[in-house]
Each structure stands twice: as C-alpha cells, then as structure tokens.
Amino acid sequence: MTDYTPPLRDMQFVLHELLDLPRVLHECGKAEIDGETIDQVLNAAGEFAAEVAAPLNAGGDHEGCAMPQAGVVTTPTGFKAAYRQFTAAGWTGLACEPEHGGQGFPDTVNNAVFEMLCGANMGWAAYPGMSHAAYTCLKANGTAAQQALYLPRIAAGEWAGTMCLTEPHCGTDLGLLRTRAMPQPDGSYRITGTKIFISGGEQDLTANIVHLVLARLPDAPAGVKGISLFIVPKYLPTPQGEAGERNLLACGSIEEKMGIHGNATCTMNFDGATGWLLGEANKGLAGMFVMMNHARIIVGVNAIGLMEAAYQRALAYAKDRTQGRSNSSAQENRAAADPIVQHADVRRMLLTQKAYVEGCRALALWATHLADIEHHHADTARRAEAASLLALLTPVVKALSSDLAVECTSLAMQCYGGHGYIRDNGVEQYLRDARIIPLYEGANGIQAMDLLGRKVLGDQGRSLGNFLGVLRAFITAEAGNAAMREFTTPLADLATEVEAVTRVIAGRASSNADELGAAAAPYLRLLGHLALGWMWARMAAIALQRGAASEEAIYASKLATARFYYQRLLPETRGLSAIIQAGAATLMEPAVEML
Ligand SMILES: Cc1cc2nc3c(=O)[nH]c(=O)nc-3n(C[C@H](O)[C@H](O)[C@H](O)COP(=O)(O)OP(=O)(O)OC[C@H]3O[C@@H](n4cnc5c(N)ncnc54)[C@H](O)[C@@H]3O)c2cc1C
C-alpha cells in the first residue's frame, strides 16, 4: 500500500498552464521536450515515487542507517534495491548533459520529479539529490579531464557526490575552517581535517563517493578569501576511470538525529587523503556557491514535497474521522458525529496547507524555470533578467518553503489531534523530517540576511526593482479584468508597501548595521508573501479564464484557494510590516545578562 499520491495534475497546471514550459524550452533550444514528453516523465517518476520510494519511508525512519563496523555505513532495508532500480531507469541522469550520458531534461522537470521523490521518502531522495548538486558543481568548475572522469559516473548514479563544508567549530562562518590541503609534487594535494554533518558521507548505495571538500592551502589568506575546493574521492580512480585504491578518509560516526533517519549524516575524517583542486586556488567558496545555490532551490522543493505528503494524509484523515456535529449538517445527520473536515477550524488548517503547498510549488518551479532560461535561452537580455530574478528569489524559495513546511506539517499533525503524535499514524515523521530544512544549506536567518543585505540593498535595489517591474506588468495587463481586482488591488498595495519598508530599512541600516539583521527574517517573509501573492493571482487569472470553459475541478479549486490565500494568509503582511518598522532597538538594547 502507498500513502503518497503524486500531485501530477497540479504539477501539470504549473508547468503547462502557468509557465508554458514547452514554449520556454523551445526558446531554449530544447524543442524536443514537448508537453507530452514532460507528462510522460512526470507520470513515470510519480509511479516510482509512489510505488518504490514511498513504501520504504516509514521503515527507513524506524530502522535508520547503521554502522555495523568501523567506517562502514548501511542504509535501511530496501534503499539499495530502490537506488539500483532508480539508476537502471536512468533517473539520476535526467537533468545531466547528453555528453555525460544524461538525458538533457531541464531543471524545471527534474525539480518536479525531485519534489515527488522527497514527498515519498526524503531520507532516500537526499542521496541522489546531493549527487546531482555535486554534478552541477563539477560541471561548473571542473577541467575537461575532471568532467570526463567524474560526470558520466555521477550522471549514471554509479558514483555519488557530497559537499563537505561544515566543521565542529565552523558552520555558518566558513572563514573559520581549518581543514588543510598540502600540495604534492605530482599536482595532487593531501587533505587533512574533520568535517561533520556530511549528508551521505558514507553509504552502501554506490561504488564510489566523490567528496567536494573545502580546505585551506598553506599560504592561504585568512578568512573566506583563503578557501579552496577539492575533489577527494573515497576510492582513487584508476587510469581506466574505475574505483581503485582506497583513499585515506573514513566515516568516524553517524549522527543520531530527529528525522531523516534513512539518510546518513556522517563525521568524515580526512587523514592526508589525496585530492585535486577544483577551480581556482582560494576561490573555493565561489565555486561551491554554484552547488549551494542549486541546493538551496532543491531543498525548497524538498520542503514542498513534505508539505504535500503531510497535507494528503491530513485531508484523508479529516474526511474519515468523525467528531462533533458540524453546524451545517447537525439537523439532518443521523450519525452521532460528522467528519471533522466539516468544521471551520479544521478547514482553516487544511486550506492553509493547500494554499502554501500549491503557492510554494508554483514559486519554486517558476524560480527553477528561470535557471533554465539563464543557462539556455538564446536571448542575452532574457538570460540576464532571469539570472537577476533567480538570485533575488533563491533565498526566498529556500527559507520560506522550509519555514512553511515546518508550520504545515505541524498543522497536518494538528488535524489528527493526539493521533498525529502517535508514530504508527505516519504524519509525525513529516514534521521531524522537515525540521532540518530551515537549518541546513544556510540557516534561514542567514538566507534572510543574504536576501536583504546582498540581494536587495547590496545592488541598490536593482533586482528588487526588476521583480516589482515584472509583477506590476502583470497587474497592468489585468487592469481591465474586473474579476481580478480582488487579487490585483491587494497585490499592488503590497508591492508599494515592500518598496516603502525597503526604503526605511536602507535608511536605518546605513547608520546601524543591526537594523539589517533585525529586519531580515520578517522582510524575507514579507517578500515571500509578495511572491506567493503574485503566484496566486496568476493562478486565479488562469482559473477564471479556463474555468469558464471547463468543468474540471482544478479551476474552481484554484480560485477558491486563491481567495482563501488573499483573505486569510496574505493579511499577515500588515503585522510583518509593523515588526520591520519597529527596528532593532528592543533586540539590541537589553544587555546579554537580561536575556
Ligand atoms: C542533518 C544535517 C545534514 C547536514 N548536511 C551537511 C552536508 O552535507 N554538508 C555540510 O557541509 N554541512 C551539512 N550540514 C551542516 C549544516 O549546513 C550546518 O548545521 C548549518 O550550516 C549551520 O551551521 P551550524 O550548525 O554550525 O550553526 P551556527 O553557524 O553555529 O549557527 C547557529 C545559529 O546562529 C545563527 N547565526 C550564525 N551566524 C550568524 C550571523 N552572522 N548573524 C546572524 N545569525 C547568525 C544561525 O542562523 C543559526 O540560527 C548538515 C547538518 C545537519 C544537521
């Protein structure tokens, strides 16, 4: 039995009706990937997610990973077979280049597939997810020889990839990292140091693991300007490109943690391990950022997968569980109680989940399609515009989706009452699994400062101006559509409000840097609502237009959810604006002893 239903129709709505992806792909020189092909991929991936990955989710959580002997890590029962099936079907290479044996699909389709895998089984999906992030980093930074050696094997899923940044004393502040790289006469480096919390640092799924490790050269400047990036494989490749001699690195332990028990979180000891420089010396952080930016979008997508899965369970439960009489059916209903889905407060919880999951999905796939445009579009101006919007919205996709995943999986549990807290009912796992997402790939507070400090104020508001321009062009285009005013009027007001608070913060932050940190988190949520509001307005416009000629339930459902979002969730922005304007004083004035 499977507890996960792939949200295929909603994905099709976003990819075809909202983004018109086949047309965009045509402009990006990928005309062979038409609508029918996209649907075939989504259907097949959904089948894998529901029938192969999802049935392993609860078992993987209960059993977890193990370390039966020093340095050896085993994944839960069934994970290996599922991974073999996945690679045999070519899924690891879906968005890899054909020259590396991949299928050349756009990231937009790959991320829709990844959402389903994560909704079905996040612990399992994180293994191929991390490898794909490593693929993008090697592709962006590797020499031709490095690409030829590693990329086909990662694309085929034979070798996996990791990212090794974190050390015990150094998480957010990578300038503190101590892992050393000593140059060797043959051009390689000896890497020595300890990395912690490395996802998939050791596992039993692949023949080799390619660690991408941040370390310092002996003469490196202090801080972030002295960090270099290295390729450090578990097994040193032979001249024929096979996994050869064991490298001097090992997993020291795996973490006991709150969730994603099926994904091994490893302490990795590098004891003079052989590695090779990836990209330029002392520019490792910039090289790693390719991977981190990619990973930030995919962890946002991961969060959406969990929200969707938890919502599906909560909705099914609410239709089945009878408690209390609903106001509407109490007179005629002979049963002692009605399904809880009829109660207004339960509907509040369900619709909040639905509005956020569908809004975040639209936003994340829209952001991903910008990545496809940035990399493949024929028109330089379109590429530049897409890059600017994507850079601005990447921290929003990561932090907003992950914060909302924690809120929504908690609401899903709330719909179950006390039964949600009981392990056997399955919904609590989503909340435990979701809780890591606001923490890793840059904690959400850091994402918020990246958004406000670097992306908005750092470029004197140009990217924000681009975004507001695109959004206002939509409002102008809908100006003659009276049915859209319930959405476009509050959206236009919110855009004006965002501009106003941005000016306030910029003014204050010029004389007090704490003003930026104090405003960052509510600012990210405020801008997140603007982006979600735009997505919901666009979806409402499609629903109004297509719903007039179609009986299909999705259009009425989109319109109803858009109204719910605008009337019951978007007004949160008024409070956020007030919080931002309150400034830093009440945060920074109390002495530390008063905290
Ligand atoms: C399950 C799991 C898997 C992981 N996988 C990987 C992996 O594969 N590879 C890898 O390299 N790492 C991985 N990590 C590490 C993860 O990325 C870090 O935990 C994360 O970057 C935060 O670092 P930290 O835990 O040291 O927290 P800290 O950096 O100590 O931060 C603690 C808190 O302080 C805040 N803070 C820190 N500095 C500032 C500042 N300047 N201004 C304002 N607030 C600040 C943070 O936002 C956070 O809320 C993983 C972690 C876990 C738990």
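Quick summary incoming for the structure in this document. (Residues numbered from 1 in each chain as written. Predicted model: local features only at pLDDT ≥ 70, side-chain atom pairs only at ≥ 80, totals over all residues. Heavy atoms only, no water.)

## Section: the overall build of the protein
Link 1 in the chain: Assigned secondary structure in the protein consists of 18 helices and 11 strands.
Link 2 in the chain: For a compact globule of 595 residues, the expected C-alpha radius of gyration is about 25 Å, and the protein comes in at 24 Å, within 12% of that figure.
Link 3 in the chain: Out of the 595 residues in the protein, the part that is buried amounts to 57%.
Link 4 in the chain: Restricting the contact set of the protein to residue pairs at least 6 apart, pairs at least 24 apart contribute 73%.
Link 5 in the chain: Put simply, the protein shows about 23,700 Å² of open surface, and 54% of that area lies on carbon and sulfur atoms.
Link 6 in the chain: In the protein, the 47 positive side-chain charges and the 60 negative ones have mean positions that sit 3 Å from each other. (Helix = DSSP H or I, 4+ residues; strand = E, 2+ residues; numbered from the N terminus. Rg over C-alpha atoms; globule rule 2.2 N^0.38 Å. Buried < 20%, exposed > 50% of the residue type's maximum accessible area, 1.4 Å probe, protein only. Contact = heavy atoms within 4.5 Å. Areas by Shrake-Rupley, 256 points an atom, 1.4 Å probe, with all protein chains shown as cover. Lys, Arg positive; Asp, Glu negative; His and termini not counted. Charge placed at Lys NZ, Arg CZ, Asp CG, Glu CD.)

## Overview of helix α16 (residues 553–569)
Link 1 in the chain: Here α16 spans 23 Å end to end across 17 residues, near enough to the 24 Å set by a 1.5 Å rise per residue.
Link 2 in the chain: Buried residues along α16 sit in contact with α1 (8–18), α9 (344–376), α14 (485–509), α15 (514–547) and α17 (572–582). (Expected span 1.5 Å × (residues − 1).)

## Concerning the site of the ligand
Link 1 in the chain: Of all residues adjacent to the ligand, which total 19 residues, the nearest are Met163, Thr166, Thr172, Phe197 and Ser199.
Link 2 in the chain: In this structure, an oxygen atom belonging to the ligand sits 2.8 Å away from a main-chain N or O atom of leucine 165.
Link 3 in the chain: Contacts to the ligand include serine 199, whose side-chain N or O atom sits 2.8 Å from a nitrogen atom.
Link 4 in the chain: For the ligand, the accessible surface in isolation is 970 Å², of which the surrounding protein chains cover 60%.
Link 5 in the chain: If you list the elements that add at least two residues to the shell around the ligand, you get β3 (159–164), β5 (189–199) and α12 (444–457).
Link 6 in the chain: Here the shell around the ligand gets three residues from one element, more than from any other, and that element is β5. (Near = heavy atom within 4 Å. Polar contact = N/O pair within 3.5 Å; in protein donor to acceptor, adjacent residues only side chain to side chain.)

## Details of the side chain of glutamate 308
Link 1 in the chain: Among the secondary structure elements, glutamate 308 is positioned in helix α8 (residues 284–320).
Link 2 in the chain: Here the side chain of glutamate 308 touches arginine 361 through a polar contact of 2.8 Å, side chain to side chain.
Link 3 in the chain: Apart from residues no more than four positions distant in its own chain, glutamate 308 is found in contact with Tyr4, Pro7, Glu115, Val357 and Arg361.

## Quick notes on the pattern of salt bridges
Link 1 in the chain: According to the stated counting rule, one finds 27 salt bridges in the structure shown.
Link 2 in the chain: The residue arginine 432 makes a salt bridge to aspartate 61 at a minimum N-O spacing of 2.7 Å. Here the residue arginine 432 occupies a position in helix α11 (residues 427–434), and aspartate 61 occupies one in helix α4 (residues 57–63), the gap between them amounting to 371 residues.
Link 3 in the chain: For aspartate 61, a relative accessible area of 4% corresponds to the buried category.
Link 4 in the chain: Of the charged contacts, one joins aspartate 450 and lysine 455 as a salt bridge, the two residues approaching to 2.9 Å between their closest N and O atoms. For the pair shown, aspartate 450 and lysine 455 are each scored as buried.
Link 5 in the chain: The structure contains a network of salt bridges with shared partners spanning Asp10, Glu115, Glu308, Lys354, Glu358, Arg361 and Lys558. (Salt bridge = Lys/Arg side-chain N within 4 Å of Asp/Glu carboxyl O.)

## Some points on unusual backbone geometry
Link 1 in the chain: Of note in the backbone geometry, glutamate 441 takes a positive phi value of approximately 55° without being a glycine.
Link 2 in the chain: Mapped onto the fold, glutamate 441 is located in the loop between α11 and α12.
Link 3 in the chain: With relative accessibility at 15%, the residue glutamate 441 sits in the buried group.
Link 4 in the chain: Of note, glutamine 460 is a non-glycine position whose phi angle comes to about 55°, a positive value.
Link 5 in the chain: For glutamine 460, the location among the structural elements is in the loop between α12 and α13 (462–477).

## Here's the deal with the pairing of strand β7 (residues 228–233)
Link 1 in the chain: The buried fraction of β7 is high, at six of six residues.
Link 2 in the chain: Judged by which residues are buried, β7 turns out to be covered on both faces: Ser228, Phe230 and Val232 on one side and Leu229, Ile231 and Pro233 on the other are all buried.
Link 3 in the chain: In this structure, strand β6 (residues 208–215) lies alongside β7, joined through six bridges in antiparallel fashion. By the bridge assignment, histidine 211 is partnered in β7 with valine 232.
Link 4 in the chain: For β7 and strand β11 (residues 265–277), the ladder comprises two bridges, and the chain directions are antiparallel. Residue pairing across strands places phenylalanine 230 opposite leucine 277, the latter belonging to β11. (Pairing = 2+ DSSP bridges.)

## Some words on the packing of aromatic side chains
Link 1 in the chain: Per the stated rule, a full pass over the model turns up 14 aromatic pairs.
Link 2 in the chain: Between phenylalanine 13 and tyrosine 555, the ring centres sit 6.4 Å apart and the planes meet at 55°, which makes this aromatic pair tilted. With phenylalanine 13 in helix α1 and tyrosine 555 in helix α16, the pair connects residues that are 542 residues apart, well separated along the chain.
Link 3 in the chain: Each member of the aromatic cluster is reached from another via a ring pair, and the members are Phe48, Phe86, Trp91 and Trp124.
Link 4 in the chain: Over the aromatic face of tryptophan 159 sits the side chain of arginine 153, whose NZ or CZ is 5.4 Å from the ring centroid.
Link 5 in the chain: Over the ring of tryptophan 534 we find arginine 538; its NZ or CZ atom is 4.7 Å from the centre of that ring. (Phe/Tyr/Trp six-rings, centres within 6.5 Å; stacked < 30°, edge-to-face > 60°. Lys NZ or Arg CZ within 6 Å of the ring centre and 35° of its normal.)

## Some points on the nonpolar core
Link 1 in the chain: Residues Trp124, Trp366, Phe467, Tyr523 and Leu530 are the most contacted members of the largest nonpolar core, which totals 168 residues.
Link 2 in the chain: Broken down by element, the residue count for this core peaks at 19 residues, all from α15.
Link 3 in the chain: Not counting the four nearest positions on each side in its chain, leucine 530 is found in contact with Phe467, Leu468, Leu471, Leu491, Leu494, Ala495 and Val498. (Core = buried A, V, L, I, M, F, W, Y, C linked by side-chain atoms within 4.5 Å.)

## What about the packing of helix α6 (residues 107–141) against α8?
Link 1 in the chain: At a closest axis distance of 9 Å, the pairing of α6 and α8 adopts a crossing angle of 175°. When the axis of α6 is compared with that of α8, the two are roughly antiparallel.
Link 2 in the chain: Residue composition of the contact of α6 with α8, grouped by class: 17 nonpolar, 10 polar and three charged. (Axes fitted to C-alpha atoms, helices over the stretch in contact; angles between N-to-C directions. Parallel < 35°, antiparallel > 145°, perpendicular 65-115°, else oblique. Nonpolar A, V, L, I, M, F, W, Y, C, P; charged D, E, K, R; others polar.)

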